[in-house]
Amino acid sequence: MLKAPDLQAIRQIIARAKRWDMLFSVLGILSLMVGVLSFCVLFADMAIKGVPRLEWEFFTSFPSRRAANAGILSAWVGTVLVMMVTALAAVPVGIAAGVYLEEYAPKNWVTGLIEINITNLAGVPSIVYGLLALGLFVYQFGLGQSILSAGLTLALLILPVVIVATREAIRAIPQMIREGSYACGATTWQTVRDHILPYSSAGILTGVIIGMARAIGETAPIITIGALTFIAFLPPAPFAGDPPAGMFDWLFAPFTVMPIQMFNWTSRPEAAFTVNAAAAGFVLVFMTLAMNGLAIYLRYRLRKNIKW
Amino acid sequence: MKSMKLSVVTAAVAAALSVSAGSALADTFVKIDGSSTVYPITEAVAEEFQKAKKNAVKVTVGISGTGGGFKKFCRGEIDISDASRPILKKEMEDCAKAGIKYIELPVAFDALTVVVNPKNTFLKQVTVAVLKMMWEPSAQGKITRWNQINPAWPDAPLKLFGPGADSGTFDYFTEAVNGKSKASRGDFTASEDDNVLVQGVTRDANALGYFGFAYYDENKDKLKAVPVVNPKGKAVSPSIAAVMAGEYEPLARPIFIYVSAKAMDRPEVKEFVEFYLKHGGKLAKEVKYVPLSDADYKHALDNFKKKKTGTGFGGVAEVGVKVADLLKRDPKE
């Protein structure tokens, strides 16, 4: 015979469970706020200090001993060019590696080993990449302290991110698409070219841009390979020199990047340079946010085109 | 279609940047790297030099630190090394091995400034002996209160701030005060960023710290510089005039550039160094460093033109050496 349920006890249990639920959600919000609020405070502080400094001249002037005349021209041009090299190097290699691992690689221990290594590479501190690049690119390959060395270094740094993003994006494609393609007699390459890559491009793009957003703020590896601080000229324009050799002059030019310019300004005695640093920081954060915004927009646009 | 778009973008970027590409082929570079202490002066000189040459010569300046600068210098990667201390034995050997000869040129003084919080009213002056009591290695963990040094001072904790061990400023201060380079107590707040030290002393009424004069000068309203008693027994406040008169001893130190003798054969490097020694004094003052006397600059220029290679120090740090005497020395390699 069943005992009549003790309503009181059940209500108590429910109330207790709900209390825990509340407690956890409060804890969750608090943890979230630690990150969000500290970012907001830092960003606001930087914006208040830096934004008044953001005139047109700030973007078109070279560094100077006079804080009021100093600008970020060589820094932002350097950053843009380095990012270009990084993207050109990391994207094809990363995507190819990701596609290979997902679509071609046999599932054996060698593949397993490679996968573990890629995951590990994503966690290696950036300074290690800097030291590697100093030995390999700068001295061994004789590329010097150039835009090319810096771009390749950052490409190595974001390669794991691109590979992992590519694989995730490819895995999200339903298996039946592949099967349908193979059933029509397509080769693996045809399947990849006509189906896998187009459908996964949204995810891949997001990964690439998030990787780039990380690379743009990297300071340690760039300093290690020997980026400069004072540089009051621009590298030659890409692909504008006399072909064929002159077109690549810009790759070997000395350069500086935004984080280094900022770092130098924060350590100067004059308070006015701190304002410059804040302004440069604002621009850099804005660049990163813009890249992330672009990633979200592209993902939205490309996803709309996928119909399955 | 896509590739057309891409080429349009590339062309636009190229057009935007091509303003600078005019003389890409005829580029002449002067490459400089080294101490962050010397950096502001070199930056100022580079800026003015490029203006004077209408950007025909491209000057690059890095900040790898004095040690890092000499490493690159002795590998032949750069033309000029900024140094906040004289070249050391080990670095001389490296340069000799690589066959790199150099000319040592003092370019300005930096006055190490001892500062306290403005609320500190009892410290009117300080002797080297007192500084030594505070900073010597054996003070570690023992001298922790002001009244341990002088019973007349308050019974308050002694909070010390100074540059980190990789800094040339640290090397010179320890040599001048404790008698041995790099010999210092370890239990003080150290930072390679002098602005951190400035803030530390500003916030703590019981603090004492030291760093370059430029950082004090910019924060005069928040800090108090302590006059240092010189070997003649006179308490001298740090100032450009006092250093130039040779009275701010022993904490005024000369800073240097080292020019590669091989690079000197290139007209742009030679011109740059001559420009440095002619206009460096005025520019040093502008960035709050202390210029040498006109006679010293002239003498240095003379040494440079005569290509007197080597160092006047012989690989050992020295405190209180007069620049005029240094320039007269017969340099060794």
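Residues numbered from 1 in each chain as written. Chains lettered and ligands numbered in written order. Predicted model: local features only at pLDDT ≥ 70, side-chain atom pairs only at ≥ 80, totals over all residues. Heavy atoms only, no water.

With that out of the way, let us pick up the overall build of chain B. Along the backbone of chain B there are 12 helices and 11 strands. Along the first, second and third principal axes, the C-alpha set of chain B runs to 80 × 60 × 35 Å. Per-residue burial for chain B yields a buried fraction of 54% across its 333 residues. Considering only intrachain contacts with a sequence separation of at least 6, the fraction spanning at least 24 residues in chain B is 73%. (Helix = DSSP H or I, 4+ residues; strand = E, 2+ residues; numbered from the N terminus. Buried < 20%, exposed > 50% of the residue type's maximum accessible area, 1.4 Å probe, protein only. Contact = heavy atoms within 4.5 Å.)

Further remarks concern the interface of chain B and chain A. With 36 residues of chain B at the contact, the number on the chain A side is 32 residues. Contact between chain B and chain A buries roughly 2800 Å² in total, counting both sides, with carbon and sulfur atoms accounting for 56%. Where chain B meets chain A, there are five salt bridges. There are 14 residue pairs in polar contact (both at pLDDT 80 or more) connecting chain B and chain A. Element by element, the count of residues in the side of chain B that touches chain A is highest for helix α2 (residues 39-52) of chain B, at eight residues. (Buried area = accessible area lost by both parts, 1.4 Å probe. Salt bridge = Lys/Arg side-chain N within 4 Å of Asp/Glu carboxyl O. Polar contact = N/O pair within 3.5 Å; in protein donor to acceptor, adjacent residues only side chain to side chain.)

Evaluated as defined, the whole model comprises three cavities of 30 Å³ or more. By volume, the largest cavity is sized at about 100 Å³. In terms of lining, the largest cavity is formed by I103, E104, P106, N303, K308, G310, G312, L326, L327, R329 and P331 of chain B. Considering every element that reaches the lining of the largest cavity, the biggest residue donor is strand β4 (residues 102-116) of chain B, with three residues. Grouping the amino acids of the lining of the largest cavity by side-chain chemistry returns five nonpolar, three polar and three charged. The computed volume of the second largest cavity comes to approximately 40 Å³. Looking at the second largest cavity, the residues that line it are T79, V82, M83, L154, A215, I216, E218, I222, V257 and P259 of chain A. Only α3 (73-104) and α8 (188-216) of chain A provide two or more residues apiece to the lining of the second largest cavity. At three residues, the largest contribution of residues to the lining of the second largest cavity is made by α3 of chain A. A per-class count over the lining of the second largest cavity returns eight nonpolar, one polar and one charged. (1 Å grid on protein atoms, 1.4 Å probe; cavity = no way out; pocket = protein on both sides within 12 Å on 5 of 7 lines; lining within 4 Å. Points joined across faces, edges and corners; volume = space filled by probe spheres on them. Nonpolar A, V, L, I, M, F, W, Y, C, P; charged D, E, K, R; others polar.)

On to the pairing of strand β2 (residues 57-61) of chain B, then. Residue and element names in this part refer to chain B. Buried residues dominate β2, accounting for five of its five residues. On β2, burial covers both faces: V57, V59 and V61 on one face and K58 and T60 on the other are all buried. Sheet topology note: the strand β1 (residues 28-34)/β2 ladder contains five bridges and is parallel. Looking at β2, one finds that T28 is bridged to V57. On the question of chirality, the crossover connecting β1 to the parallel β2 by way of α2 is right-handed. (Pairing = 2+ DSSP bridges. Right-handed = clockwise from strand over helix to strand, strands pointing away.)

All names here are of chain B. Running from N to C, helix α10 (residues 267-286) and helix α11 (residues 294-305) cross one another at 170 degrees; their axes reach a closest spacing of 9 Å. As summarised for this structure, α10 and α11 are arranged roughly antiparallel, according to the angle between their axes. Residue-level contacts link K270, V273, E274, L277, K278, G280 and G281 of α10 to Y297, A300, L301, F304 and K305 of α11. When its residues are assigned to classes, the contact of α10 with α11 shows six nonpolar, two polar and four charged. (Axes fitted to C-alpha atoms, helices over the stretch in contact; angles between N-to-C directions. Parallel < 35°, antiparallel > 145°, perpendicular 65-115°, else oblique.)

The subject of this paragraph is a nonpolar patch on the surface. Residue and element names in this part refer to chain A. Where nonpolar side chains cluster on the molecular surface, the patch consists of I29, L32, M33, V36 and L37 and spans about 440 Å² of accessible area. With respect to the element layout, L37 can be found in helix α1 (residues 7-50). The class for L37 is partly exposed, based on a relative accessible area of 46%. (Patch = residues over 30% accessible without salt bridge, like charges linked within 9 Å, V, L, I, M, F, W, Y side chains within 5 Å. Areas by Shrake-Rupley, 256 points an atom, 1.4 Å probe, with all protein chains shown as cover.)

Further remarks concern the environment of M133 of chain B. Residues and elements named next belong to chain B. Mapping M133 onto the fold places it in helix α5 (residues 128-135). On the basis of relative accessible area, M133 is assigned to the partly exposed category, the value being 32%. Note: C-alpha distance between M133 and V177 (44 residues apart in sequence) is 9.3 Å. Those residues within four positions of M133 in sequence are excluded, and the remaining contacts are A139, I143, Q148 and I149.

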